[in-house]
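Descriptive structure summary
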Amino acid sequence: MQVLKHDWTTDEILTIYNKPFLDLVYEAATIQRENKDYNEVQISSLISIKTGGCAEDCSYCPQAARYHTDLDVQALMQVNQVVDAAVKAKEGGASRLCMGAAWREVRDNRDFDRVIDMVKAVNELDMEVCCTLGMLTENQAQRLADAGLYAYNHNLDTSEEDYKRIITTRTYDDRLNTIKNVRKAKLTVCSGGIVGLGETVEDRVSMLQTLANMEKHPESVPINALVPVKGTPLENQPLIPIWEMVRMIATARIIMPKSVVRLSAGRNEMSTLEQAFCFMAGANSIFAGDKLLTTPNPAFVDDMAMFELLGLKSREAFKNGRPDNLKKKELTT
Ligand code: SAM
Ligand code: DTB
Ligand code: SF4
């Protein structure tokens, strides 16, 4: 029986992270195999509903207005465009749809009203609807929940100690506060980070510790490998060695055994065998579709070929039941 622990010490996590590689993968795989349906991988699809022109200075991000990246800035999409994209994603096997906006925070204006309409419309397709829109107040989180949102993504990205090196226009506490607001609205939490920013192993461990010691583990933990983008301050950052990516996924799987761990950005640079190692180490979700938000992702047909080759199955929506805001629907379907 997997006991969820919320008082992980730095040393405990560091010891796991630094285990001999094969011991670490074996332990994570064992835990993954205790979960039923261990062969299932959730397919999530991303839509960038508002692209670029962001006021923040996240040094990894191509969408920050202050960096000169080769990016087409796009205003907020129309609801019908989002629905069309969602239908296509569903037909391709996606059970979750994540809508991302390059906003510092949500404002109570007509744009937010439109996002609420997008959430309602995609929810009608019976997909898990996720948004990542920047900082949220409690009231805004509640509006999203009332519209039928399933999850809110808000990444910690790195450790509290390392945060100021990566982002100066907001604080770690701002981040944690939004996650608290998301929890208050009884939404599920999607929160993880990025490896390859030039952080230390201690920073990675510290970020995982913050996630694992939350009152409730985030239901979903995305592990992104930095995609270095020309024009951003981190453009020359070397690619993260696959060994570190696997260690990060395995450690997340061991300390948060029931969470969905998502092999997120960076797959385009990985071979099928490298990705297979990530699945072995406990990753059970991916973003599929030719594009992440703004950077390339493996072609959909290649991902399907990978599923076939590895015998993976795509996971259906709401496998862990529906949260309170979506319960009514469960009774009627
Ligand atoms: N603006 C909102 C925010 O920052 O919360 C939502 C969108 S933002 C692009 C979502 C996440 O994408 C970031 O928190 C970061 O983890 C990830 N991300 C952005 N650029 C990335 C890159 N170049 N490589 C890997 N992950 C990246
Ligand atoms: C997450 O952790 N990774 C996704 C999603 N959540 C929003 C975003 C990755 C973005 C990679 C860079 C880009 O394509 O712009
Ligand atoms: Fe803006 Fe989000 Fe990119 Fe930061 S990560 S610059 S907040 S879009």
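Above this text sits the structure in question.
No experiment lies behind these values; they were computed from the predicted model shown. (Residues numbered from 1 in each chain as written. Chains lettered and ligands numbered in written order. Predicted model: local features only at pLDDT ≥ 70, side-chain atom pairs only at ≥ 80, totals over all residues. Heavy atoms only, no water.)

**Digging into the site of ligand 2**
Taken together, L46, P62, T132, N153, N155, P222, N224, F287, L292, L293, T294 and T295 make up the full set of residues adjacent to ligand 2. At 2.6 Å from an oxygen atom of ligand 2 is found a side-chain nitrogen or oxygen belonging to T294. In this structure, an oxygen atom belonging to ligand 2 sits 2.8 Å away from a side-chain N or O atom of T295. The fraction of the free accessible surface of ligand 2 (410 Å²) that becomes covered by protein chains is 89%. For the shell around ligand 2, a count of residues per class yields 6 nonpolar, 6 polar and no charged. (Near = heavy atom within 4 Å. Polar contact = N/O pair within 3.5 Å; in protein donor to acceptor, adjacent residues only side chain to side chain. Areas by Shrake-Rupley, 256 points an atom, 1.4 Å probe, with all protein chains shown as cover. Nonpolar A, V, L, I, M, F, W, Y, C, P; charged D, E, K, R; others polar.)

**Here we look at the packing of helix α9 (residues 242–255) against helix α10 (residues 272–280)**
Between α9 and α10, whose axes approach to 8 Å, the crossing angle comes to 20°. As summarised for this structure, α9 and α10 are arranged roughly parallel, according to the angle between their axes. α10 is crossed by α9, and the crossing has right-handed handedness. Across the interface between the two elements, I242, M245, V246 and I249 from α9 touch E274, F277 and C278 from α10. Split by residue class, the contact of α9 with α10 holds 6 nonpolar, no polar and 1 charged. (Axes fitted to C-alpha atoms, helices over the stretch in contact; angles between N-to-C directions. Helix = DSSP H or I, 4+ residues; strand = E, 2+ residues; numbered from the N terminus. Parallel < 35°, antiparallel > 145°, perpendicular 65-115°, else oblique. Left-handed = near helix turned anticlockwise from the far one by under 90°. Contact = heavy atoms within 4.5 Å.)

**Things to note about the site of ligand 3**
Close to ligand 3 lie C54, E56, C58, Y60, C61, A64, A102, W103 and R170, which account for all nearby residues. When the residues that make up the shell around ligand 3 are grouped by side-chain class, the tally is 7 nonpolar, no polar and 2 charged.

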